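# Architecture and fold: a report
The chain contents come next:
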Amino acid sequence: MTTKAARLFRRMDGLFAVYKPQGVHWKLIRDTIESNLLKELNSCPPPAPQLAVKFQLLSSGENNGSKDLILSPSMLPSLANHPLVTGPQFHKVHVGVGHRLDAFSSGVLVLGVGKGNYVLEHLCKSHVTRDYTLEGEFGRATDDFSDTTRVIEKTTYDHVTQDKLERVLAMIQGANQKALITYSQMDLRTQEAYELAVKGLLYPHGKSPPILTGLRCIHFNPPHFTLEVQCVNETQKYLRKLIHEVGLELRSSAVCSGVRRTRDGPFKAENALTRQHWTADCIIQAIAHFRKTTRKIRKSGMYRQTDGQLNSSAKIQEQIRSEIGQSDQEHVELTSPTSDRIVDRVAPGTG
Amino acid sequence: MQLCRRCVSLLLSRPLLSAALQPSTHTLHQRSHHILLQPPVHSLTQRHSRETWTPCGRRNLSDHQAASPDVYNNKTDLAEREAEKHIVPFENLNVHQISNQESLSDMGLDAVVRPSPLQEISEEEAVQIQVPSALPPDSFTLKPYVDQSETLSKLVQLGVNLWELEQRPNVGSMLVRLDFHADVAPKLLFLKDLGVEESKLGTILTKNPFILTESLDNLEARVSYLKTKKFSQESVAVMVSKAPYLLNFSVERLDNRLGFFQKQLGLSAEKTRNVVTRLPKLLCRSLEPIKENLKVCELEFGFRGNEIQHIVTTVPKVLIANKRKLTQIFDFVHNTMDVPHSLIAKFPQVLNAKFLRIKERHLFLEYLGRAQYQPSQPNYISLDRLVFLPDDVFCSDVALATLEDFERFQKTL
């Protein structure tokens, strides 16, 4: 007979996404979610108090005097298992964080609960890309590349046009594509490698620096401009530095006024939970919503193969892609479309 | 393992105890020396006079004076307490009146007479055998002692969170040593006479168990002092419920604090009483952070004296708020939202709100073009409505949008 608390605890297993507000450290969010889950678990009614046999010396009730003592057993509730003595039923819920976001940035933050933490590891090791929206402002340069710290340089930006910006972005993207090819450790002179590159299925193997697989400008209103970036292995400071370098290339300077993650692998911002919804029932609903994605990640992690199985993986990826279909066209132009899908790899044998 | 002679004599003097104490002899080894350093008779009876253990019955050895509460100052813990508990049931059987241990050790090991377990005894005697409870001599939790101890079970029935209290160092031992009828009951009756609700007694004791060790005279002196300062009976009760540590502070300290608030804030006696009744924590904490907060309000924020007075009387929590968070909120409200000092002083609740809430709501209103905080302009939104209303009411009445829109906007920030 399971208690309500145990049943609730068993449902807290999986991955879900949360929208992190700006200015908040990610650890605070993780702690808040853990304490909310614990609050819900500990508010479930505790089990009934255990009865213990106690012998009580009672007088027999007849007129025989006080020497006639009878030890009578009775089942009395024992206070030793009272919740005020034993403490709360649950002390800890394992809540893990996927790709972290620093305090200045905001956006989708993937969290794993219970058994989902193992899947979180697979997600981190897999080659999923992340989608960012960077907001920049021309005219200033700061030491931390963000707009709140000390200004070290001020420049004019009247000469900057959208055309020049596009050219600079194309140049940056070219450099990143070259880096991608180098770090994918594939010889592009082979036919299979060429086909993969054409379809955009290249990804860096092993350790690599941050690589942008896609970059474009979605809004230009001097001095403000907005870039959209898909990248791999990045940190938010690197992205702020990117804005700074864009400014430098344009013979001006720029600071980053916002870094916002809109997608982390298969977890998108539409399904991320906002602050009001960080309660246990909303979290369990979100876990249920992402159950299929979680299963795919786990499977792809289990069958993750070493470098020498590219042939099979390419064919399988193509099959999967054709099944799933191309649904997000808006950022497909410059990017590799596969990396936001978790690839289900069938066991080797189809080589 | 070699037991020293002292421990052997200790064991010998309590022959029937040895079986029960065997596993814990080692732990008692060092601590038993402490017991024997004092005259043994005292240490035993000290505790006996306080014993009220069910089912063993009451032990009132009124011929021995109860020792002073030096027992708390010894570095003894539950161990000796439990050692003495074991002795209690054997007194019932009148096997040995242990008055002097030296006489026993002279007799030697073989002189001890033990009844054999296979010996036949009558029904009456069988009924009267008291089985010693297998209480551990020391433990990390209060769980093994709760059922046996009247104090602890009554406290649990009152609603005191023993688990929370045993995490604090030494509080568990202190609670086990308390005698319900001598220590706990008078204080509880005192609190009840004061007017504290019975449902609140549990939380008060959980926050401040040391109210049970404070002497009754001191508590009464402090309450009478507060009454001379014209605090009514109900307000004293409310203050004790909100700040359980209040009555543990001496009269001079309370006097000092009240004087400080009256002087520094420049408020009348009536208003000071009002502020202190609403936030009695002011009397418990140290004054340095409060002085710093006042300085920040005056110098950094630039509020005038009467504005500060109004803020403090409306929202006393500003005095003990975190300086950094207060500065962050004020900076946002004054510089980003362009709200002047007078308006902030008129609605000081905004300084008490969460920063993220103010920020998101303000940015939403700005996005919709409804961010109007000047009372003279049309579509004016007052700061307290901005901050106090729950989300759905805020969206429908103030922002004139749906909750989904607000959430979608939150995800673009």
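Bear in mind the structure is a predicted one, so any value in this text is a computation, not a measurement. (Residues numbered from 1 in each chain as written. Chains lettered and ligands numbered in written order. Predicted model: local features only at pLDDT ≥ 70, side-chain atom pairs only at ≥ 80, totals over all residues. Heavy atoms only, no water.)

### Quick word on the overall build of chain A
For chain A, the helix and strand inventory stands at ten helices and twelve strands. Burial status across chain A gives 46% buried among its 351 residues. (Helix = DSSP H or I, 4+ residues; strand = E, 2+ residues; numbered from the N terminus. Buried < 20%, exposed > 50% of the residue type's maximum accessible area, 1.4 Å probe, protein only.)

### Points about the overall build of chain B
Helix and strand counts for chain B come out as 25 helices and two strands. In chain B, which comprises 413 residues, the proportion classed as buried is 45%. In chain B, once contacts between residues fewer than 6 apart in sequence are set aside, the share between residues at least 24 apart is 74%. (Contact = heavy atoms within 4.5 Å.)

### Observations regarding the interface of chain B and chain A
Accessible area lost upon the coming together of the parts is a frequently used measure of interface size. Opposite the 27 residues of chain B that make contact, chain A presents 30 residues. Counting each side, the surface lost to burial between chain B and chain A is near 2300 Å², with a carbon and sulfur contribution of 55%. For the pair chain B and chain A, the number of links is one salt bridge. A salt bridge links Arg275 of chain A to Glu360 of chain B; the shortest N-O distance between them is 2.8 Å. Run the count over chain B and chain A and you get 17 residue pairs in polar contact (both at pLDDT 80 or more). Mapped onto the side of chain B that touches chain A, the elements with two or more residues apiece are helix 7 (123-128), helix 8 (143-146), helix 9 (150-158), helix 10 (162-167), helix 22 (355-368) and helix 25 (403-410) of chain B. (Buried area = accessible area lost by both parts, 1.4 Å probe. Salt bridge = Lys/Arg side-chain N within 4 Å of Asp/Glu carboxyl O. Polar contact = N/O pair within 3.5 Å; in protein donor to acceptor, adjacent residues only side chain to side chain.)

### Topic: the packing of helix 22 of chain B against helix 25 of chain B
All names here are of chain B. The N-to-C vectors of helix 22 and helix 25 enclose an angle of 105 degrees; their axes lie 10 Å apart at closest approach. One finds that helix 22 runs roughly perpendicular with respect to helix 25. Between helix 22 and helix 25, the residues in contact are Glu360, Arg361, Leu363, Phe364 and Tyr367 and Asp405, Phe406, Phe409 and Gln410, respectively. (Axes fitted to C-alpha atoms, helices over the stretch in contact; angles between N-to-C directions. Parallel < 35°, antiparallel > 145°, perpendicular 65-115°, else oblique.)

### Topic: the pattern of salt bridges
It is possible for side chains of opposite charge to pair when their charged atoms get near one another. According to the stated counting rule, one finds 27 salt bridges over all chains in the structure shown. Asp13 of chain A is paired through a salt bridge with Lys115 of chain A; the nearest N and O atoms lie 3.7 Å apart. Here the residue Asp13 of chain A occupies a position in the loop between helix 1 (4-11) and strand 1 (14-20), and Lys115 of chain A occupies one in the loop between strand 5 (106-113) and helix 4 (116-125), the gap between them amounting to 102 residues. Look at Asp13 of chain A and you get partly exposed, because its relative accessible area is 23%. Judged by its relative accessible area of 57%, Lys115 of chain A is exposed. The closest approach of N and O atoms between Arg304 of chain B and Glu307 of chain B, which form a salt bridge, is 3.7 Å. In this structure Arg304 of chain B comes out as exposed when scored by relative accessible area, which is 55%.

### What to know about a nonpolar patch on the surface
Residues and elements named next belong to chain A. Among the surface-exposed residues, Leu51, Val53, Phe55, Leu57, Leu69, Leu71 and Met75 lie close enough to one another that they form a single nonpolar patch of about 620 Å² accessible area. When residues of the nonpolar patch are traced back to their parent elements, those giving at least two are strand 2 (51-59) and strand 3 (69-77). If one sorts the elements of the nonpolar patch by residue count, strand 2 sits on top with four residues. (Patch = residues over 30% accessible without salt bridge, like charges linked within 9 Å, V, L, I, M, F, W, Y side chains within 5 Å. Areas by Shrake-Rupley, 256 points an atom, 1.4 Å probe, with all protein chains shown as cover.)

### Thoughts on helix 16 (residues 251-265) of chain B
Residue and element names in this part refer to chain B. Compared with an ideal rise of 1.5 Å per residue, which puts 15 residues at 21 Å, helix 16 spans 21 Å between its outermost C-alpha atoms and is within 8% of the ideal. Lining the buried residues of helix 16 we find helix 14 (216-228), helix 17 (269-278), helix 18 (288-301) and helix 19 (305-314). Trailing helix 16 by a residue or two, Gly266 shows a phi angle of about 70 degrees, which is positive. (Expected span 1.5 Å × (residues − 1).)

### Points about the packing of aromatic side chains
All names here are of chain B. Considering all chains together, one arrives at 13 aromatic pairs over all chains under this definition. Aromatic pair Phe303 and Phe330: ring centres 5.6 Å apart, planes at 65 degrees, arrangement edge-to-face. In this pair, Phe303 is assigned in the loop between helix 18 and helix 19 and Phe330 in helix 20 (residues 323-336), connecting sequence segments 27 residues apart. For the pair Phe303 and Phe330, a shared accessibility class is recorded, and that class is buried. (Phe/Tyr/Trp six-rings, centres within 6.5 Å; stacked < 30°, edge-to-face > 60°.)

### Focus on the environment of Ile211 of chain A
All names here are of chain A. Residue position: Ile211 is located in strand 9 (residues 211-221). Ile211 sits in the buried class, given a relative accessible area of 0%. Separated by 42 residues in the primary sequence, Ile211 and Leu169 place their C-alpha atoms 14 Å from one another. What Ile211 contacts, discounting residues up to four positions off in sequence, is Asn176, Ala179, Leu180, Tyr183, Pro204, Gln230, Cys231 and Val232.

### A word on the state of the cysteines
By definition, a disulfide links the sulfur atoms of two cysteine residues through a covalent bond. Here the structure, examined in full by the defined rule, presents zero disulfides over all chains. Sulfur of Cys395 of chain B: no disulfide; nearest cysteine sulfur belongs to Cys282 of chain A and is 16 Å away. (Disulfide = S-S within 2.5 Å.)

### Comments concerning unusual backbone geometry
Residues Pro222 of chain A and Pro223 of chain A are joined by a peptide bond in cis, for which omega reads 5 degrees. Following the sequence through the fold, Pro223 of chain A ends up in the loop between strand 9 and strand 10 (224-232). Phi is positive for Asp338 of chain B, close to 60 degrees, though the residue is something other than glycine. As for its position among the elements, Asp338 of chain B is in the loop between helix 20 and helix 21 (341-346). One non-glycine residue, Asn379 of chain B, lies in positive phi territory at about 60 degrees. For Asn379 of chain B, the position within the fold is in the loop between helix 22 and helix 23 (383-388). According to the relative accessible area criterion, Asn379 of chain B is exposed, its value standing at 69%.

### What about the environment of Lys411 of chain B?
Looking at where Lys411 of chain B falls in the secondary structure, it is placed in the segment after helix 25. Overall, Lys411 of chain B belongs to the buried group, its relative accessible area being 15%. When near neighbours in sequence (up to four residues on either side) are disregarded, Lys411 of chain B contacts Tyr19, Arg260, Ala269, Glu270, Asn271, Ala272 and Thr274 of chain A. Reaching out from Lys411 of chain B, the side chain makes a polar contact with the backbone oxygen of Ala269 of chain A at a distance of 3.1 Å. In this structure the side chain of Lys411 of chain B is engaged in a polar contact, spanning 3.0 Å, whose partner is the backbone oxygen of Glu270 of chain A.

### Some details on the pairing of strand 11 (residues 254-264) of chain A
All names here are of chain A. Burial within strand 11 is extensive, with ten of its eleven residues counted as buried. Note: strand 5 against strand 11, two bridges, orientation parallel. The residue bridging Gly107 from the neighbouring strand is Arg261, located in strand 11. Where strand 6 (residues 130-138) meets strand 11, nine bridges bridge the pair, whose relative direction is antiparallel. From the neighbouring strand, Phe138 faces strand 11, where its bridge partner is Ala254. Two elements, strand 11 and strand 12 (residues 267-268), share two bridges in a ladder whose sense is antiparallel. (Pairing = 2+ DSSP bridges.)

### A few points about the side chain of Ser252 of chain A
Of note, Ser252 of chain A is situated in the loop between helix 7 (236-249) and strand 11. Here Ser252 of chain A is in contact with Phe138, Gly139, Thr155, Thr156, Tyr157, His159, Val160 and Gly247 of chain A, once residues within four sequence places are set aside.

### Description of the nonpolar core
In this structure, Leu162, Leu175, Phe261, Met337, Leu351, Ile358 and Phe394 of chain B are the most contacted members of the largest nonpolar core, which totals 99 residues. Membership of the second largest hydrophobic core comes to 66 residues, among which are Ala5, Leu101, Leu134 and Val229 of chain A. (Core = buried A, V, L, I, M, F, W, Y, C linked by side-chain atoms within 4.5 Å.)

### Quick look at the environment of Val229 of chain A
Residues and elements named next belong to chain A. Structurally, the position occupied by Val229 is in strand 10. The spacing of Val229 and Leu57 is 172 residues in sequence and 81 Å in space, taken between C-alpha atoms. Ignoring anything within four residues of it in the chain, the contact list for Val229 reads Arg130, Asp131, Tyr132, Leu134, Leu212, Gly214, Leu215, Leu239 and Leu242.

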